[in-house]
Amino acid sequence: MQPDSAPLIGRQMPSHADHPPPFVLSKLRRFSSASGVEQFLLIGGAAIDPLVYDQPVIADWDIVIVDHTFSTSAIVRALERAAFTVGPPRDYQMNLTQSARCFHARHPMIGTFDTAIVEDLDFFGPFDLESLSVTYPAGLIVDDHDAIGALGAKRAKLIRPIERELPAMLAKRLFVLAGKYGVRFGPGSATASTAHVIRERLLDGPPPSVPNQAACLSKLLRGLARAERPSDLLGDAIDSGLVRCAIPPLDEVVRSPAFAGVVEGSRRPAVADLLAAIHAVDRDGRCASVLEAMEARAWDQL
């Protein structure tokens, strides 16, 4: 599932609700009616953002369906009959032991839904901040790991043993959370110990595959483009060692004055400008294969 790149709008506010706002349940009813799926979960930013921001901009809705058969054909046909444009289903590795069958569905009036079919719900997380869900049709908020508290504290902690996780995936998700919610993970921060564990796990194994490096780079660039303070994210990515370990060819580039100048020269640097800076600095082409894989979204083929 692809996290949205839209900004959060409005003031942050405390949440003590047991149910999401009515517009969320209305959106889920429309998806259920179109897809024929009667029970599912809403996860990700579309689940938590409406609980803590008064005017969140939700680019897509992350839907999770539990079905051990991983069958997509009936759902896809129903959505297409309801005038959705549906992308080809693909397998997605959630962690070292679990995978999902995913597809992207878009309707011009109803919205965009990233749908994952999973065998069970043991994949949740991997961080506390992104573990909240909304059940449908009951419309109940499930926050067993205090995601709302984590968001308020701007920190992210692992909720499962790291041995079950793909360390490059963890680095990628941390870049996303840092860009979207302002989570700090450099030395001395509330999330420093989590970043340290991820870095050590990366160092214990072979370098991430080029597609996984490309996925990390994509999320880092998008995180920089949406972060309230992009220079903080860049500093944390360098100082934590996560760029060096998750995207080795990029380490020297992001430390360069030219790349830092693009990040610091704009409140929200454009991804295109960040890519241009990488190409300008990387004259010997060490980043070429990662950039090509990012352009092709090679991680979707894993």
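Our subject in this report is the structure included herewith.

Scoring rules and cut-offs
Residues numbered from 1 in each chain as written. Predicted model: local features only at pLDDT ≥ 70, side-chain atom pairs only at ≥ 80, totals over all residues. Heavy atoms only, no water. Core = buried A, V, L, I, M, F, W, Y, C linked by side-chain atoms within 4.5 Å. Buried < 20%, exposed > 50% of the residue type's maximum accessible area, 1.4 Å probe, protein only. Helix = DSSP H or I, 4+ residues; strand = E, 2+ residues; numbered from the N terminus. Contact = heavy atoms within 4.5 Å. Arc of directions from axis to C-beta. Polar contact = N/O pair within 3.5 Å; in protein donor to acceptor, adjacent residues only side chain to side chain. Salt bridge = Lys/Arg side-chain N within 4 Å of Asp/Glu carboxyl O.

### A word on the nonpolar core
Working step 1: Of all hydrophobic cores here, the largest spans 80 residues; its most connected members are L250 and F259.
Working step 2: Element by element, the count of residues in this core is highest for helix α5 (residues 167–181), at eight residues.
Working step 3: If near-sequence neighbours (up to four positions away) are discounted, F259 is found in contact with L221, L224, L234, V253, V254, L274, A277 and I278.
Working step 4: L41, I43, V64 and A116 belong to the second largest nonpolar core, which has eleven residues in total.

### Thoughts on helix α12 (residues 271–281)
Working step 1: Those residues of α12 lying buried are L274, A277 and I278. When α12 is viewed along its axis, its buried side chains cluster within an angular range of 100° and face the same direction. Along α12, the residues that are exposed and aim more than 90 degrees away from the buried face are A272 and H279.
Working step 2: Its buried side turned inward, α12 meets α7 (210–226), α10 (251–254), α11 (257–264) and α13 (288–295).

### Remarks on the environment of H107
Working step 1: The residue H107 is located in strand β7 (residues 99–107) in this model.
Working step 2: For the pair H107 and P230, spaced 123 residues apart in the sequence, the C-alpha separation amounts to 32 Å.
Working step 3: Apart from residues lying up to four places away in sequence, H107 is in contact with A82, A83 and F84.
Working step 4: A polar side-chain atom of H107 sits 3.2 Å from the main-chain amide nitrogen of I110.

### Focus on the side chain of R160
Working step 1: If you trace the backbone, R160 turns up in the loop between α4 (147–153) and α5.
Working step 2: You can call R160 buried: its relative accessible area is 10%.
Working step 3: One polar contact links R160 to E165, side chain to side chain, over a distance of 2.6 Å.

### Remarks on the pattern of salt bridges
Working step 1: Enumeration according to the criterion identifies 13 salt bridges in this entry.
Working step 2: Between E228 and R268 there is a salt bridge, and its shortest N-O distance comes to 3.1 Å. Of this pair, E228 sits in the loop between α7 and α8 (230–239) while R268 sits in the loop between α11 and α12, and the two are 40 residues apart along the sequence.
Working step 3: Note that E252 and R286 form a salt bridge whose closest N and O atoms lie 2.8 Å from each other. Of this pair, E252 sits in helix α10 while R286 sits in the loop between α12 and α13, and the two are 34 residues apart along the sequence.
Working step 4: Look at R286 and you get partly exposed, because its relative accessible area is 45%.

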